[in-house]
Amino acid sequence: MLRVINRRAGMRTHELLKRPRRGCWIDLEAPTRAELESIAKLLEIAPEELASLLDEREPPKLEKSKQQVVVTVLVPYTKRKGMGISTLTILIKDGYLITLHKRKLAPIDDFLEGRVKQFQTDKRLRLLIQLLARIVANFVTHLKLVEKSMERAEGELFTSMRPQSILDIWEVRRTIIQLNDAVMANDRVLTMILRGRGPRLYKEDRDVIGDLVLESRHLTRVLSLYTELLTNTMDAYVSLISNNLNIVMKRLTSLAMIAAVPTILSSLYGMNVRLPFAENPNAFSIILLLSVILSLLLLVIFKRLDWI
């Protein structure tokens, strides 16, 4: 999908143009071959070069030349089951700002749906910084969602102890690791911009980028803490399961020993040899009573040992 967005000073909202013109923002979301070729022709670059910027395996980077600036960052998105990470490439060239991405991304929608009140497409550097700010804010939003998922998964883990609860914990942990890696990768790009390796920054812009770097590093610390908490949760769960297994094994062992007493006595008196009370007409009652007494004695002993 190709969208040509235009907003200048004095405009209350943005407008979508039919054709690109200098000073506009061109958004390419999962573009067709024809759309890529039209924008490539406009920018006087090869369509293959433009298509390569859509590669989701491309790591975050910052490239600057005399003709253009390319900024590639990672952006989280919500999918049917869990969360994923996609790439967003921002290209500044010949008076245009072009965004390329294969998926619907919340930071782009924030601009198009009016959640970013003040932006101008002809101020490309400021628009780039606003896009980066929305990306960092999007990570914060997803962090809150992960926090809720983590609390819910931990609660179910210790209450239901179903196998699915363990899978939910591992899914949350995998999401946290993905977010942490993405934030750290984006932080390197932001740091390079702050150090002047990208577009030239004014003092106000440098302050904003500096705040974004601090926010990214705070997110990294929080995500690392969440990873550690989940690891400790799994360790506690394993210890709890092991403790419960020990309790069950002690109880089974105790019951087996109690049940063994009448079994041993009955086995002895089943032998074809002379035994005490063999001639006594009340031998069965005596043996039965002895079995009950010995079993009760073992029961009392195991109760005091807290094995039962």
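The coordinates are above.
Residues numbered from 1 in each chain as written. Predicted model: local features only at pLDDT ≥ 70, side-chain atom pairs only at ≥ 80, totals over all residues. Heavy atoms only, no water.

Here we look at the pairing of strand β1 (residues 2–6)
Look at any regular strand and the pattern is simple: side chains alternate between the two faces of the sheet.
Then, in step 1: Within β1, 4 of the 5 residues are buried, which leaves it mostly tucked inside the rest of the structure.
Then, in step 2: For β1 and strand β3 (residues 25–29), the ladder comprises 4 bridges, and the chain directions are antiparallel. The residue of β3 that forms the bridge with Ile-5 is Trp-25.
Then, in step 3: Pairing of β1 with strand β2 (residues 15–17), which is carried by 3 bridges, proceeds in the antiparallel orientation. Following the sheet pairing, Ile-5 is matched in β2 by Leu-16. (Buried < 20%, exposed > 50% of the residue type's maximum accessible area, 1.4 Å probe, protein only. Helix = DSSP H or I, 4+ residues; strand = E, 2+ residues; numbered from the N terminus. Pairing = 2+ DSSP bridges.)

A word on the sheet that holds strand β7 (residues 96–101)
Then, in step 1: A sheet is described by the order of its strands in space; here 7 strands give the open sequence β2-β1-β3-β7-β6-β5-β4, paired in mixed fashion. Looking along the sheet, the strands with just one partner apiece sit at the ends: β2 and β4 (61–64). Averaged over all adjacent pairs, the angle separating strand axes in this sheet is 25 degrees, with direction ignored.
Then, in step 2: Sheet analysis places β4 next to strand β5 (residues 68–78), joined by 4 bridges and oriented antiparallel. Opposite Leu-62, over in β5, you have Val-71 as the bridge partner.
Then, in step 3: This element, helix α1 (residues 33–43), spans β1, β3, β6 (83–93) and β7 of the sheet and lies at about 150 degrees to β3. (Axes fitted to C-alpha atoms, helices over the stretch in contact; angles between N-to-C directions. Contact = heavy atoms within 4.5 Å.)

Describing the pattern of salt bridges
Then, in step 1: Considering all chains together, one arrives at 19 salt bridges under this definition.
Then, in step 2: The residue Glu-113 makes a salt bridge to Arg-115 at a minimum N-O spacing of 2.7 Å.
Then, in step 3: Glu-204 is paired through a salt bridge with Arg-126; the nearest N and O atoms lie 3.8 Å apart. Here Glu-204 is found in helix α6 (residues 203–268), whereas its partner Arg-126 is found in helix α4 (residues 124–159), with 78 residues between them in sequence.
Then, in step 4: Under the relative-accessibility criterion, Arg-126 is labelled partly exposed at 39%. (Salt bridge = Lys/Arg side-chain N within 4 Å of Asp/Glu carboxyl O.)

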